Amino acid sequence: MFKKDFPYFQNSKTVYLDNGATTQKPKSVIDSQVEYYETYCANTHRSNFGHANKATQEFEKTRTLLAKFINAPIEEQIIFTKGVTESINFIASSFAKDFKTVIISSLEHHSNIVPWHMQGRTLGAGLEVVNCDKNLNFDLNHFEELLKANPNAFVSITHISNAFGTIHDIKTITKLAHEYGAVVMVDGAQSLSHFKIDVQEPDVDFFAISGHKTFAPTGVGAIYVNEKYLKDVKPYQTGGATIHEVDYSGSTLLDSPYKFEAGTQNIAGIIGFGKAIEYINHVKYETIHSFEHNVFKYLDEELAKLPGIIFYNDISNSIGSRSFNFEGLIHDDIGILIDKMDIAVRVGHHCAQPIMKKLGIKGTIRVSVAFYNDFVDVDKLIDALEKALSMLKD
C-alpha cells in the first residue's frame, strides 16, 4: 500500500527487509534534496541574500518540526548531529566523561559501548552492565543494585535493541535512575520509525535520534538535551557558526543549539529530515503501528514453521527486528543464498558482539520490517529460506 510513496520499490525488485540498518526514503524526502541543490543551494545562518535566507528557514523549520514531533519544550533543546553515533560520542565526551560510573544494558549497539572504552572504562572499572533474562528482557532488580552501588551515575540505554527488537521500558528505567540521582541518555536509533516519542513522558535527560532509520537521509540526526543540562554540556567541536565574538585573547560562544553545530551542516539532509517527519505525520503512527504489528506477527508465525529454526527471544516485548539461526547451518550461507533470490536481510553480529558472545553465537539472521512491508514480502522471504535450507541440507 505504501510502497508507491518510495521510489526504491519502483526501481528495484528486491524484497527489502533490512530496515534496522536503514529505511527507504519517500519521494518527498528525495525531492526536497534535489530542490535544495537545484534551486536555492546556499549556506545557512551566514549570508542574508534570498536563497541563503530560504536555506536557513527550511533548515530551522526541521528543528521546529522535530521539537514538536518529540514534544521537546523548546527548540533550543534540539541539536543536529550526523546521527546517533555522533550524538552518543558528543554527550560521552562533552558531559558524561566526568561521571565516575556509566551504566549500560546488555543489548547495546557498539556505538553505546566503544565510546566508554575510549574513556578507559571497562567492566567493573567505570562501566557497569545491566543483566538481561533468558528472553533478553532488562533486569530491573539488577539495575537497582547497580544504582545503589553507584549513585549519581550516568545511565546510557538503548530504547529498542537493533539486534533483537527488544523494547526497554524507558519510563520505568528513567524514573528509577532519577531516584538514585542518575542522569539518563536514551539511544533512540530504532525508535521513531516505529512509534511516537514524547521525551517529557519518561523525562529523559538526553535522547539520541537517527534520521536515516526514520525515512530521512543518511548522515543526519539529533540529540535532545534536557534544558537543565544545556549550560553544562560543553561543545564537541568549535569554529564557524558557533561564535558570538572572537579575538586573539579569547572567544565567546552563542547559546544552544548553535554553539554545538560547528561548521556547515548537512543542510539538504536536515531539510529532508523535516520532510520525513511531515510524511510520518501524514501517515500517522496509529497506521504505522497497525500495519507493522500485523506483518511482524505474521513473520513470526511463518518463521516458526521452518524446520530447525532457533529464536533467542519471543516477540511479546519486541518490535521491528526478528533474529534467528538454523540448527547446524551458518547464518552467512543463508544470507548469501537468499540474496541471490533478491531478499535483503542482515546477517552477522549487528554491531552487538557482547550479547552474541553471551548467547554463545557469532551472529544471527535478522529480518527487520517497516510499515511499508507486507505479507507478500514475508511469503517471498519464507519461500527463499525454504529453498536455501533445502540446498544447504542436501
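Above this note sits the structure.
Described in the following lines is the structure provided in the data block. (Residues numbered from 1 in each chain as written. Predicted model: local features only at pLDDT ≥ 70, side-chain atom pairs only at ≥ 80, totals over all residues. Heavy atoms only, no water.)

Observations concerning empty space enclosed by the protein
For step 1, the next point in the chain: All told, the structure shown has two cavities of 30 Å³ or more when counted by the stated rule.
For step 2, the next point in the chain: Counted as a void, the largest cavity has a volume near 40 Å³.
For step 3, the next point in the chain: In terms of lining residues, the largest cavity is bounded by Glu 58, Lys 61, Thr 62, Leu 65, Ile 271, Gly 274, Lys 275 and Glu 278.
For step 4, the next point in the chain: At the level of elements, helix 3 (50-69) and helix 8 (267-283) are the ones that each hand at least two residues to the lining of the largest cavity.
For step 5, the next point in the chain: Broken down by class, the residue content of the lining of the largest cavity amounts to two nonpolar, two polar and four charged.
For step 6, the next point in the chain: Forming the boundary of the second largest cavity are Asn 19, Gly 20, Thr 23, Gln 190, Ser 193, His 194, Gly 320, Ser 321, Ser 368 and Val 369.
For step 7, the next point in the chain: Along the lines of polarity and charge, the residues of the lining of the second largest cavity split into one nonpolar, nine polar and no charged. (1 Å grid on protein atoms, 1.4 Å probe; cavity = no way out; pocket = protein on both sides within 12 Å on 5 of 7 lines; lining within 4 Å. Points joined across faces, edges and corners; volume = space filled by probe spheres on them. Helix = DSSP H or I, 4+ residues; strand = E, 2+ residues; numbered from the N terminus. Nonpolar A, V, L, I, M, F, W, Y, C, P; charged D, E, K, R; others polar.)

What about helix 7 (residues 170-179)?
For step 1, the next point in the chain: Of the positions making up helix 7, those classed as buried are Ile 170, Ile 173, Thr 174, Leu 176 and Ala 177. In an axial view of helix 7, the angular spread of the buried residues amounts to 165°, which keeps them on one side of the axis.
For step 2, the next point in the chain: Those residues of helix 7 that are buried lie in contact with helix 6 (140-149), strand 6 (154-158) and strand 7 (183-187).
For step 3, the next point in the chain: Backbone geometry just after helix 7 places Gly 181 at a positive phi near 75°. (Buried < 20%, exposed > 50% of the residue type's maximum accessible area, 1.4 Å probe, protein only. Arc of directions from axis to C-beta. Contact = heavy atoms within 4.5 Å.)

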